[in-house]
Structures are given as C-alpha cells and as structure tokens.
Amino acid sequence: MSVFKARVKEFEDALAEDEIDLSYLRQLCFNGIPDVKSLRPHCWKLLLGYLGTNRESWKETLTKKRALYRQFIEELVLPPGLKEDHKLDAKSDCLNDHPLSEGAESAWNIFFNDNEFLLQIDKDVRRLCPDISFFQQPTEYPCDIVVNSNGERRLHQRVVPSVLKAANVERKGLGITKQINLITKRSEETYEAMEEGQEAHWEVVQRILFLYAKLNPGQSYVQGMNEIIGPIYYVMASDPDPDYREHAEADCFFCFTALMAEMRDFFIKTLDDSEGGIKNMMKRLSQMLQERDLQIYERLKSQELHPQYYSFRWISLILSQEFPLPDVVRIWDSVFSDEQRFQFLLKICCAMILIQRDQILQNDFASNVKLLQNYPFMDVNVLLSKAVSL
C-alpha cells in the first residue's frame, strides 16, 4: 500500500468510528487532508463544530440545520408578499404593511433598507477568487424557491447601485475605512448573474452572506467576510458526494457562522483593543517576531513599517488573499486543526516574515512594503513547517 493510500485509510478509519476521536482527527488534519472522497468537507464540519463527534447524530443534525436554513431563506430572502408560508391572512397583512410604509416594523421598509449592506455584498462576491472560474460557474443545485420566480427573489435584482455612498462602506472592524464617491455602475470585470432557473456559485455565496448579515445585525456584513466564506463554500460545493454537494449552501452557512463566532472580535471596531481584537493580535505578532528575531524586528521598526501595513489583512482574512485558493485550503487544514488556531495563525504570519529575512534586511521601506503586501509564491508546506518550528 502506498503512503498516500495508507494516509487516506487513516482518515477513513477515523471518520468511521461511532464516537470520533477529535484529538486524533486534529493530528491527522494538521498535516493536510487528502483531496479525495469527502474527507475535507467532513473534517472541516467536525473541526468547526458544525457536526458532533457522535456519528449517529450527524443525520439528525444535518436534517434539522438544512431545514432551518431553508426557513431562513423563506423568511428573510423572499420579498414581502412572496413568502412560501401563507398561514397569515394575506389581505390583512397587506393592509397593515404597504410598500411605502416607513414604520420600523414594516417588512417592506426593512426590505428596502437591506439594500445598504446588500449592495456591498453584491460588489464583493462578484469578484471572489478571480484566479479561478469556479465562482462564475453555475451550481448544480440552484435554490428552487429563488431561481424560478421571474427574478423577484434573486438578491442581485434588488441591488440599486446608484445609492452606494462612502458612509455605507464604513468599516465595522476590518481595515481602514474606505471613502469612495458615488458608484453608478459596476465594473465590467465583475461576474454576471445566470439566467432564470440557474445560479452561479457567487450568487449562492451572496445569499449566505446576506442571511448572515440579517441574523447578526450587531455585526452585519463587513468587507472581507466574502474572502473568508469563499474557501469554505468552495470545499463544501466541491464535495464528490452529490448528496452532500446538494446541501453545500446550508452547510457552508453554519460552518461560516461557527468560524465567525470565534473571530467576531476581528470585525467589530469597538473591540479592536480587546484580547481577541485585531489590534491586540497584531501586537502579539510583533512581540513574537521580537522574541524570534530581534534584528528583523528592529529593521522593520526603524523603517516604521508597522504591522497594520501588512499583517492586518493576513490575520483578519486568515491569509485568504495572500496565496492561491488550493494553498489557502491547505493552510486552513492546519489552522482549523489547531486547538489554539489563531495562535498558530500568528506563527504562520511570523514564519512568513522570517522566511523573507535576507530580503527584508536588504530592502528599503518601499520594497519591504511591496514584499509583505504582495507575498511571493512559495511552497506552503515549507511555510507551515517553519511555523511549527516556532
């Protein structure tokens, strides 16, 4: 038996147990999950806490969660007047809630106000992972209650591009606030929507992010979340098992929600200075670098090349914009497997700097900014090995 086949069998045996040994599974996943069968989708669901370790509970959990997600779509995505549930008296409902109503509880008023964050989501998902064509391709399993509706239920149809102003793009915890003027049209390079009856993968991601924003009003949608959900959806929607692939949207939603619960502080500006806040994470990275290589630390400090110039994006987006998608997925195998996953993420970030040690010591400020903001291609297994050595 080859080494690869033996490794696959280790995963299959671990996942076949009635009570899965999560600690052992973490050890296996840390060194990378083989790209065969449904290994990675299953492992990520377990590592992110979407599925429990009792294998018998999986069917019930998945059935309940997927039904709940469909309920979210019916209640929060479908426009007022087009709900699936007709238990209420439609006539009295319409009398109480008119499309021109400005009442705070008006479903129509909420529907129109949603456009504020929906516009930003629409803009971001239309350029998700541009290096691959996956997100522009049609999904095999479009949401039936959305696509077969003459467009009224498709989120991108609700977007009014001319209303996006600078105030609507304010950061709630990710990066420096972007100030832009009025946007009147989309870039020609952005992805196009599918015809009626079909959905592109980016349209599915748009719906997941919209629902997340609706269900988490205190946080809502923040630019960058699209970069975090992209790899998760890609893994779920690429599952070789059609029974699981059919429910990639719902499964992705709950995996993404679980991950965001752990890194919520990164995206809330008022928590920047908290223990789990992004400023504190950058400070910890700086301290780690100082302990591991004082010369590099002093070099960057003397150039006033502060961590926020490069590590803000590294940490808050879990390196999703620094490497090609297959490499990001491999890095996330290790990050998700580590019980102190964000501590290990900092070690990866520190390793990225140390690997470029000679260049950094030679470069001037501008060259180092360019180096760290556009990290050069490298074997991520070498990077991860360096991180482990820290």
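Residues numbered from 1 in each chain as written. Predicted model: local features only at pLDDT ≥ 70, side-chain atom pairs only at ≥ 80, totals over all residues. Heavy atoms only, no water.

The protein has the name TBC1 domain family member 13 in an unreviewed UniProt entry, where Glossina fuscipes is given as its organism. Quoted verbatim from the Subunit (unreviewed entry) field of UniProt, the annotation for the protein is "Interacts with RAB1A and RAB10; in a GTP-dependent manner." Listed under Function (unreviewed entry) in UniProt, the entry text for the protein is "Acts as a GTPase-activating protein for RAB35. Together with RAB35 may be involved in regulation of insulin-induced glucose transporter SLC2A4/GLUT4 translocation to the plasma membrane in adipocytes." (UniProt positions renumbered as here; feature names shortened; annotations may be inferred.)

Peer 1: Please clarify how the confidence of the model for the protein should be interpreted in this entry.
Peer 2: Detailed reading of the predicted coordinates is not advisable wherever pLDDT is low. Overall, the predicted model of the protein reaches an average pLDDT of 85, with 83% of residues at or above 70. Within the protein, no element has a lower average pLDDT than helix H5 (residues 90-96), which sits at 45, and none a higher one than helix H3 (residues 39-47), at 98. The model gives residues 84-95 a pLDDT under 50, and that stretch makes four contacts with residues more than four places away or in other chains. Scored below 50 in pLDDT, residues 162-188 shows 62 contacts in the model against residues more than four places distant or in partner chains. (pLDDT = per-residue confidence, 0-100. Helix = DSSP H or I, 4+ residues; strand = E, 2+ residues; numbered from the N terminus. Contact = heavy atoms within 4.5 Å.)

Peer 1: How should the packing of helix H10 (residues 201-215) against helix H11 (residues 225-237) be read in this particular structure?
Peer 2: If you want to describe how two helices pack, look at the angle between their axes and the distance between the axes. Where H10 meets H11, the axes come as close as 10 Å, and the angle between the chain directions of the two elements is 125°. As judged from the angle between their axes, H10 and H11 are oblique. The handedness of the crossing between H10 and H11 comes out as right-handed. Residues His201, Val204, Val205, Ile208, Leu209 and Tyr212 of H10 lie in contact with H11, whose contacting residues are Met225, Asn226, Ile229, Tyr233 and Ala237. Here the residues of the contact of H10 with H11 are counted per class, giving nine nonpolar, two polar and no charged. (Axes fitted to C-alpha atoms, helices over the stretch in contact; angles between N-to-C directions. Parallel < 35°, antiparallel > 145°, perpendicular 65-115°, else oblique. Left-handed = near helix turned anticlockwise from the far one by under 90°. Nonpolar A, V, L, I, M, F, W, Y, C, P; charged D, E, K, R; others polar.)

Peer 1: For this particular structure, what's the right way to read the environment of Ile232?
Peer 2: Locating Ile232 in the fold gives a position in helix H11. For Ile232, a relative accessible area of 0% corresponds to the buried category. The spatial distance from the C-alpha of Ile232 to the C-alpha of Pro41 is 8.7 Å, given a sequence separation of 191 residues. (Buried < 20%, exposed > 50% of the residue type's maximum accessible area, 1.4 Å probe, protein only.)

Peer 1: Got a minute to help me understand a negative patch on the surface in this structure?
Peer 2: Taken together, the side chains of Glu17, Asp18, Glu19, Asp21 and Glu56 make up a negatively charged region of the molecular surface. Following the sequence through the fold, Glu19 ends up in the loop between helix H1 (3-16) and helix H2 (22-30). Assessed through its relative accessible area of 47%, Glu19 is described here as partly exposed. (Patch = residues over 30% accessible without salt bridge, like charges linked within 9 Å, V, L, I, M, F, W, Y side chains within 5 Å. Areas by Shrake-Rupley, 256 points an atom, 1.4 Å probe, with all protein chains shown as cover. Salt bridge = Lys/Arg side-chain N within 4 Å of Asp/Glu carboxyl O. Lys, Arg positive; Asp, Glu negative; His and termini not counted. Charge placed at Lys NZ, Arg CZ, Asp CG, Glu CD.)

Peer 1: So what exactly am I meant to see when it comes to the pattern of salt bridges here?
Peer 2: Where charged atoms from two side chains of opposite charge approach closely, those side chains can pair. Scanning the model with the defined rule gives 20 salt bridges in all. With a closest N to O distance of 3.0 Å, Lys214 and Asp114 form a salt bridge. Note that Lys214 is positioned in helix H10 and Asp114 in the loop between helix H6 (107-113) and helix H7 (115-125), a separation of 100 residues in sequence. Of the residues examined, Lys214 reaches a relative accessible area of 21% and is grouped as partly exposed. Relative accessible area serves as the criterion here: at 7%, Asp114 is assigned to the buried category. Of the charged contacts in the structure, one is a salt bridge between Arg292 and Glu291, with a shortest N-O distance of 3.3 Å. We classify Arg292 as partly exposed; its relative accessible area is 35%. With a relative accessible area of 61%, Glu291 lands in the exposed category. Several salt bridges share partner residues, and in doing so they unite Asp35, Arg40 and Asp333 into one network.

Peer 1: Explain the side chain of Glu203 here, please?
Peer 2: Turning to its location among the elements, Glu203 is positioned in helix H10. On the basis of relative accessibility, which here comes to 3%, the residue Glu203 falls in the buried class. Within the structure, Glu203 has its side chain in polar contact with the backbone nitrogen of Ala200 (distance 2.9 Å). (Polar contact = N/O pair within 3.5 Å; in protein donor to acceptor, adjacent residues only side chain to side chain.)

Peer 1: Please clarify how the nonpolar core should be interpreted in this entry.
Peer 2: In a soluble, globular protein the nonpolar side chains are often hidden away together inside. Ranked by size, the top nonpolar core spans 119 residues in total, and within it Trp44, Tyr233, Ile315, Phe323 and Ile348 carry the most contacts. Sort the elements by how many residues they give to this core and helix H18 (residues 341-355) lands first, with 11 residues. When sequence neighbours within four positions are dropped, the list of residues in contact with Tyr233 reads Phe134, Phe135, Thr139, His201, Val204, Val205, Ile208, Ala248, Glu249 and Cys252. (Core = buried A, V, L, I, M, F, W, Y, C linked by side-chain atoms within 4.5 Å.)

Peer 1: Just checking my understanding: could you explain the packing of H10 against helix H13 (residues 248-263) for this structure?
Peer 2: Interaxial distance between H10 and H13 falls to 10 Å at its minimum, and their mutual angle equals 45°. Classified by the angle between their axes, H10 and H13 sit oblique to one another. Our pair here, H10 against H13, has a crossing hand that is right-handed. Contacts between H10 and H13 involve Val204, Arg207, Ile208, Leu209, Leu211, Tyr212 and Leu215 from the former and Glu249, Cys252, Phe253, Phe256, Thr257 and Met260 from the latter. The residue makeup of the contact of H10 with H13, split by class, is 10 nonpolar, one polar and two charged.

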